[in-house]
Amino acid sequence: MQYLVLTVLLGLTLHACRGVVRLRRTGDAAAAHRRYLRASWALGGTILAAMAVQELILLRAGLLTWQTGLPLHLCSLMGLTALPALLSRRPLLLHASLYAGVPGAVLALLFPAVLDTPWPRLTELAFHALHAGLVCVPLLPMAAGWKPRPQGAASAWGFLLLAAAAAGLANRLTGGNYLFLAGPVAGTPLAPLARWGRGVYRALLALAAGIILLLEGTAVRFFRRTKGE
């Protein structure tokens, strides 16, 4: 199901992006901005709606607790900031969305950890809509003229460290496993990292995130150089 949801949302987002780019090229900046805003509200609203459905399902199933219901997983944080990022186009939020949100969402689509509820299909749909939407978020600002900077990877890493600090505090207070700091989900690429103990596991998580962000920043720098920017 996740690939179908991703295909649909990605197709709709790319269609909106083409419209924004076409209007910008014709010099109709006002129409391009209106098209961008409509697409941003649609995409950001879809992500928020998917999160709301997830919370309602947990509530109806009796699973909504302090250990499960706080938006302190990476993709939940990115989901909350998606619409503000699209509307404000603040570099910090956009870089976090690109460098941290997209890889996290892709991993969640490849290795979904969906909670078991009495409504599995709806739960899966909401889960996949959230993560597929996060993959699409950076495309709209780029169509509107935003150019990611390689240095944005460092600010995204700082964002992740702040999120980890908040998640770690929440885990200590609630006994939850936000950002999977207490341990990885079985069957995911994180599982082998836990064999050396919790402290080393967390350090390896931070190191892995830093390496991924460094590679992303390097790729953006190379891409911009090839275009003479």
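Residues numbered from 1 in each chain as written. Predicted model: local features only at pLDDT ≥ 70, side-chain atom pairs only at ≥ 80, totals over all residues. Heavy atoms only, no water.

Enquirer: Just to check I follow, could you spell out the overall build of the protein chain for this structure?
Expert: Across its full length, the protein chain carries eight helices and zero strands. For 229 residues, the compact-globule estimate of 2.2 N^0.38 gives 17 Å, and the C-alpha radius of gyration of the protein chain, at 18 Å, lies within 12% of that figure. Considering only C-alpha atoms, the protein chain reaches an extent of 55 × 40 × 25 Å along its principal axes. By residue count, 42% of the 229 residues in the protein chain fall in the buried class. (Helix = DSSP H or I, 4+ residues; strand = E, 2+ residues; numbered from the N terminus. Rg over C-alpha atoms; globule rule 2.2 N^0.38 Å. Buried < 20%, exposed > 50% of the residue type's maximum accessible area, 1.4 Å probe, protein only.)

Enquirer: Which parts of the structure should I look at to understand the pattern of salt bridges?
Expert: Any two side chains of opposite charge can pair, on the condition that their charged atoms come close. Evaluated as defined, the whole model comprises one salt bridge. In this structure, arginine 121 engages glutamate 124 in a salt bridge whose closest nitrogen and oxygen atoms are separated by 3.7 Å. Taken as a pair, arginine 121 and glutamate 124 lie in helix H5 (residues 120–136) at a separation of three residues, close to a single helical turn. Using a relative accessible area of 59% as the deciding quantity, one classes arginine 121 as exposed. (Salt bridge = Lys/Arg side-chain N within 4 Å of Asp/Glu carboxyl O.)

Enquirer: In this structure, what is going on with a nonpolar patch on the surface? I would like to understand it.
Expert: Together, Tyr3, Val106, Leu107, Leu110 and Phe111 make up an exposed nonpolar region whose accessible area comes to about 450 Å². At three residues, the largest contribution of residues to the nonpolar patch is made by helix H4 (residues 91–110). Locating leucine 110 in the fold gives a position in helix H4. (Patch = residues over 30% accessible without salt bridge, like charges linked within 9 Å, V, L, I, M, F, W, Y side chains within 5 Å. Areas by Shrake-Rupley, 256 points an atom, 1.4 Å probe, with all protein chains shown as cover.)

Enquirer: Please explain the confidence of the model for the protein chain as it appears in this structure.
Expert: It should be kept in mind that the predicted coordinates are not to be read in detail where pLDDT is low. Put simply, the protein chain has an average pLDDT of 88, and 95% of its residues get 70 or more. Here helix H8 (residues 198–226) stands out as the element of the protein chain with the lowest mean pLDDT, 83, in contrast to helix H6 (residues 139–143), whose mean of 95 is the highest. (pLDDT = per-residue confidence, 0-100.)

Enquirer: Please explain the packing of helix H1 (residues 2–25) against helix H2 (residues 29–60) as it appears in this structure.
Expert: Two measures define how a pair of helices packs: the angle their axes make with one another and the distance between the axes. Interaxial distance between H1 and H2 falls to 8 Å at its minimum, and their mutual angle equals 165 degrees. Looking at the two axes, H1 sits roughly antiparallel to H2. In the packing of H1 onto H2, the handedness of the crossing is left-handed. Residues Leu9, Thr13, His15, Ala16, Gly19, Val20, Arg22, Leu23 and Arg24 of H1 touch H2, and the partners they reach there are Ala31, Ala32, Arg35, Tyr36, Ala39, Leu43 and Thr46. Residue classes in the contact of H1 with H2 are distributed as nine nonpolar, four polar and three charged. (Axes fitted to C-alpha atoms, helices over the stretch in contact; angles between N-to-C directions. Parallel < 35°, antiparallel > 145°, perpendicular 65-115°, else oblique. Left-handed = near helix turned anticlockwise from the far one by under 90°. Contact = heavy atoms within 4.5 Å. Nonpolar A, V, L, I, M, F, W, Y, C, P; charged D, E, K, R; others polar.)

Enquirer: What exactly am I supposed to notice about the packing of aromatic side chains here?
Expert: Aromatic rings considered in pairs are described by the distance between their centres and by the relative angle of their planes. Per the counting criterion, the structure on display carries zero aromatic pairs. The ring of tyrosine 36 carries arginine 89 above its face, with NZ or CZ at 4.6 Å from the centroid. (Phe/Tyr/Trp six-rings, centres within 6.5 Å; stacked < 30°, edge-to-face > 60°. Lys NZ or Arg CZ within 6 Å of the ring centre and 35° of its normal.)

Enquirer: What should I look at first to understand the side chain of histidine 131 in this one?
Expert: Within the secondary structure, histidine 131 sits in helix H5. A polar contact of 2.7 Å, which involves the side chain of histidine 131, links it to the backbone oxygen of phenylalanine 127. Leave out the neighbours within four places in its chain, and histidine 131 touches Cys75, Ala105, Ala108 and Leu109. (Polar contact = N/O pair within 3.5 Å; in protein donor to acceptor, adjacent residues only side chain to side chain.)

Enquirer: Explain the nonpolar core to me, please; I cannot follow it from the model alone.
Expert: Across soluble globular proteins, nonpolar side chains show a tendency to be buried alongside one another. Core analysis: the largest hydrophobic core is formed by 56 residues, its most contacted members being Leu43, Ile47, Tyr99, Leu134 and Leu140. When residues of this core are traced back to their parent elements, those giving at least two are H1, H2, helix H3 (74–88), H4, H5, H6, helix H7 (152–174) and H8. Setting aside its immediate chain neighbours within four residues, isoleucine 47 contacts Gly79, Ala82, Leu130, Gly133, Leu134 and Val137. (Core = buried A, V, L, I, M, F, W, Y, C linked by side-chain atoms within 4.5 Å.)

Enquirer: Help me out: how do you make sense of unusual backbone geometry in this one?
Expert: For residues that are not glycine, phi is negative in most cases, and the peptide bond is trans in most cases. In this structure, arginine 89 takes a positive phi of about 55 degrees despite not being glycine. If you trace the backbone, arginine 89 turns up in the loop between H3 and H4.

Enquirer: Quick question: what am I supposed to make of H3 here?
Expert: Because the α-helix completes a turn every 3.6 residues, residues three or four places apart line up on one side. With 15 residues, H3 ought to run about 21 Å at 1.5 Å a step, and its terminal C-alpha atoms sit 20 Å apart, in line with that. Among the 15 residues in H3, 11 count as buried, and that is most of the element. Along its buried surface, H3 packs onto H2, H4, H5, H6 and H7. (Expected span 1.5 Å × (residues − 1).)

Enquirer: Even after reading the chapter, I still don't get H8, so can you show me in this structure?
Expert: Compared with an ideal rise of 1.5 Å per residue, which puts 29 residues at 42 Å, H8 spans 42 Å between its outermost C-alpha atoms and is within 8% of the ideal. Along H8, the residues that are buried comprise Tyr201, Leu205, Leu213, Gly217, Val220 and Arg224. Considering only its buried residues, H8 is in contact with H4 and H7.

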